[in-house]
Every structure is written in C-alpha cells, then in structure tokens.
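One letter stands for each residue in the lines below.
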Amino acid sequence: MSVVIGIDVGGSTTKIVGYSSEGKLVSMLKVEAADPLTSAYGALGKFINENSLSLKDVKRIILTGVGSSLFKKNVYGIPTSAVDEFQAIGLGGLSLAGKTEGLIVSMGTGTAFVRAGAGGIRHIGGSGVGGGTVLGLCGKLSGATAFKTVTELSEKGSLKRVDLNIGDISKSVIATLPPDTTASNFGKMEDGATAEDLTLGVLNMTFQTIGMMAVFACRNDEVKDVILTGTLTQVPFAKKVFQALHKMHGVNFIIPKNAIYATATGAALSYLHQNGKKYVG
C-alpha cells in the first residue's frame with residue numbers, strides 16, 4: 001500500500017495523519033517528546049509500526065506547523081515537502097467538518113482564524129489567547145500544568161464564585177442578554193473561590209474570548225459555520241460555552257470528529273488534491 005503522510009510538527013506534540021494514494025484514511029495518531037524533531041521522527045516510526053508498513057510504503061511526507069522549518073532534508077530519504085500552516089488548517093478543517101465554506105478556528109498554544117472556501121484560504125487574524133494561556137494561568141492559580149488535570153479540576157468548579165454576571169449587576173431584563181451572561185471574567189473573585197473554581201474561570205474566559213472573536217469575524221461575512229479545531233476542543237467544557245454563544249449570536253460552532261488532527265489532515269490533503277485525489281473517509 002502506498003501512503004501519503006501529513007505531519008503537524010508542534011513544539012512538543014506532533015500529530016500525524018496518513019492516507020492511501022487513493023485518498024482513503026489509514027490512521028491518525030499523536031506523539032509527545034521534548035523537541036519537535038524527536039517528536040516528528042517518533043510519530044512517523046510509531047505510525048509505520050502500528051499500521052504494519054515499511055518506509056518504502058510511504059510515498060510522500062508533507063510537513064506543516066511551527067516545527068516544520070527545522071527539517072532541512074528528506075525524512076528517512078522519503079520525498080518530503082512543506083505546506084503553509086494556514087492552508088493546512090483551512091483544508092483540514094473543511095474536510096473533517098464536511099463543509100465547503102467556513103471559518104476555521106485553530107485553538108493551539110494561541111489561536112488562528114482562517115477563512116476557507118470557494119474564494120480560497122486566507123488567514124484573517126489570530127489571538128494570543130489559547131492553550132498556552134490556559135496552562136500558564138492554571139499553573140499559577142491552581143497548580144494544574146497538564147490539560148488532563150485542568151479538565152478534572154474544572155469539572156468540580158463553579159463560576160458563581162469567580163465571574164460577574166449580568167444578573168449580579170442588573171435586575172432589569174435585557175432582551176438580548178440572559179442574566180447568566182458573563183459581564184466580567186474574574187470580576188467577582190469571592191474569598192471562598194477554590195482551585196477548581198479558578199480553573200473553570202480560566203477555561204470560561206478563554207473559550208468566550210475565542211468564541212466572540214469568531215462571532216465578530218462572521219458579522220463581516222456571509223459564512224455562519226465556525227469549525228473548531230486543535231487541542232482545546234478535547235476539553236468537555238468547550239461545548240457548553242460554544243452552545244451558549246450559538247444561542248445568543250446564531251453562529252454555528254462545529255467541533256468535528258478528530259478535530260485535533262485537522263492541520264495534519266490538511267497537510268496530507270494538500271498533496272492529494274494537487275494530484276487529483278479526493279478524500280473518501
């Protein structure tokens with residue numbers, strides 16, 4: 001079997017996605033290591049081993065992500081090239097969501113906003129608020145330095161002791177703003193706020209900030225489908241925040257299956273599309 005592999009090389013986590021030359025998905029996996037080169041080579045080795053392949057079965061490797069520039073030659077002698085990360089985000093997000101138009105929001109260490117569709121793929125902006133924000137603040141506020149710990153703590157937290165809501169400052173009925181709408185993230189901060197409460201507050205602030213930026217982007221565009229990708233999509237609380245924003249603003253927030261692999265998927269598909277192949281699942 002001939003396989004085309006897309007690799008999203010992050011700072012310490014690498015995602016890898018493989019497709020047959022006919023466009024059939026082979027598998028997806030991720031590997032964590034101390035540096036990008038080690039992570040990428042480890043991911044490729046694990047992919048080959050788990051799928052009972054050999055190096056000669058790999059037809060092409062397409063790299064993307066912040067660590068892709070570190071590779072100066074072909075990987076293991078396999079023809080290797082790179083694709084722009086925003087192009088990969090756009091292609092991968094649309095394909096995983098089954099859409100032809102959309103705003104793809106890649107929630108990594110920071111957050112990138114990519115408009116993709118018939119008019120092409122373009123990076124329209126970004127934010128420093130993302131996964132790095134979550135881990136940095138939670139590390140100081142609650143001692144949580146891994147997403148697993150952040151998620152576990154947040155599930156036991158309450159925003160009532162952290163965030164200031166519309167209902168806290170106004171008894172009047174505001175048609176467009178429910179009483180539980182956040183007026184100020186961390187605007188309450190009661191003395192009894194726990195580590196769990198603070199962790200949930202950080203997640204709420206992060207997802208609301210990212211979500212509202214997407215809402216504003218859609219107001220200047222006819223597209224109303226926002227496709228969420230990246231590591232933060234794995235945090236269960238994300239769905240609650242984005243569902244609330246959907247009800248308030250009418251924007252469709254979509255978290256596709258395998259959302260964390262969107263960029264690696266787009267890298268592989270960029271090559272397949274150039275060679276006339278279509279993704280077939």
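Okay, so let's go over this structure. Remember, predicted model here, so these are calculated numbers, not experimental data. (Residues numbered from 1 in each chain as written. Predicted model: local features only at pLDDT ≥ 70, side-chain atom pairs only at ≥ 80, totals over all residues. Heavy atoms only, no water.)

### As for the pairing of strand 3 (residues 25-32)
In terms of strand pairing, strand 2 (residues 13-20) meets strand 3 through seven bridges, oriented antiparallel. The residue of strand 3 that forms the bridge with Thr 13 is Glu 32. Counted between consecutive antiparallel strands, the loop separating strand 2 from strand 3 contains four residues, among which Gly 23 sits at a positive phi close to 95°. (Pairing = 2+ DSSP bridges. Helix = DSSP H or I, 4+ residues; strand = E, 2+ residues; numbered from the N terminus.)

### Overview of the nonpolar core
The biggest cluster of nonpolar side chains holds 28 residues, and the ones touching the most others in it are Val 105, Met 107, Phe 207, Val 226, Phe 242 and Phe 253. Of all the elements in the fold, those that place two or more residues in this core are strand 6 (102-107), helix 3 (131-141), helix 4 (147-154), helix 6 (195-219), strand 11 (225-229) and helix 7 (237-249). In terms of residue count, helix 6 provides more of this core than any other element does, eight residues in total. Excluding residues within four positions of it along the chain, Val 226 makes contact with Leu 103, Val 105, Ala 214, Cys 218, Val 251, Asn 252, Phe 253 and Ile 254. The next biggest cluster of nonpolar side chains, apart from the first, holds 19 residues, and it includes Leu 29, Ile 48, Val 58 and Ile 61. (Core = buried A, V, L, I, M, F, W, Y, C linked by side-chain atoms within 4.5 Å. Buried < 20%, exposed > 50% of the residue type's maximum accessible area, 1.4 Å probe, protein only. Contact = heavy atoms within 4.5 Å.)

### Describing helix 3
An α-helical turn contains 3.6 residues, so a residue and the one three or four places further along point in the same direction. Those residues of helix 3 lying buried are Gly 131, Thr 133, Val 134 and Cys 138. On an axial view of helix 3, the arc spanned by its buried residues comes to 155°, and they lie on one face. Buried residues in helix 3 make contact with helix 4 and helix 6. Downstream of helix 3 by one or two residues, Gly 143 has phi in the positive range, about 80°. (Arc of directions from axis to C-beta.)

### Focus: unusual backbone geometry
For residues that are not glycine, phi is negative in most cases, and the peptide bond is trans in most cases. At Ser 52, a position not held by glycine, the phi torsion is positive, near 55°. Position of Ser 52 relative to the elements: it lies in the loop between helix 1 (36-50) and strand 4 (58-64). Phi at Met 189 takes a positive value of approximately 45°, unusual for a residue other than glycine. Assignment of secondary structure puts Met 189 in the loop between strand 10 (182-184) and helix 6.

### Some remarks on the pairing of strand 7 (residues 111-117)
Of all seven residues that make up strand 7, six are buried, and the element is covered over most of its length. Across six bridges, the pairing between strand 6 and strand 7 is antiparallel. Following the sheet pairing, Gly 102 is matched in strand 7 by Ala 116. Counted along the chain from strand 6 to the antiparallel partner strand 7, the turn is three residues long. Bridging between strand 7 and strand 8 (residues 120-127) involves seven bridges; their strand directions are antiparallel. Residue pairing across strands places Arg 115 opposite Arg 122, the latter belonging to strand 8. The antiparallel pairing of strand 7 with strand 8 creates a hairpin that spans two residues between the two strands.

Function-wise, these values are silent; they only describe arrangement.
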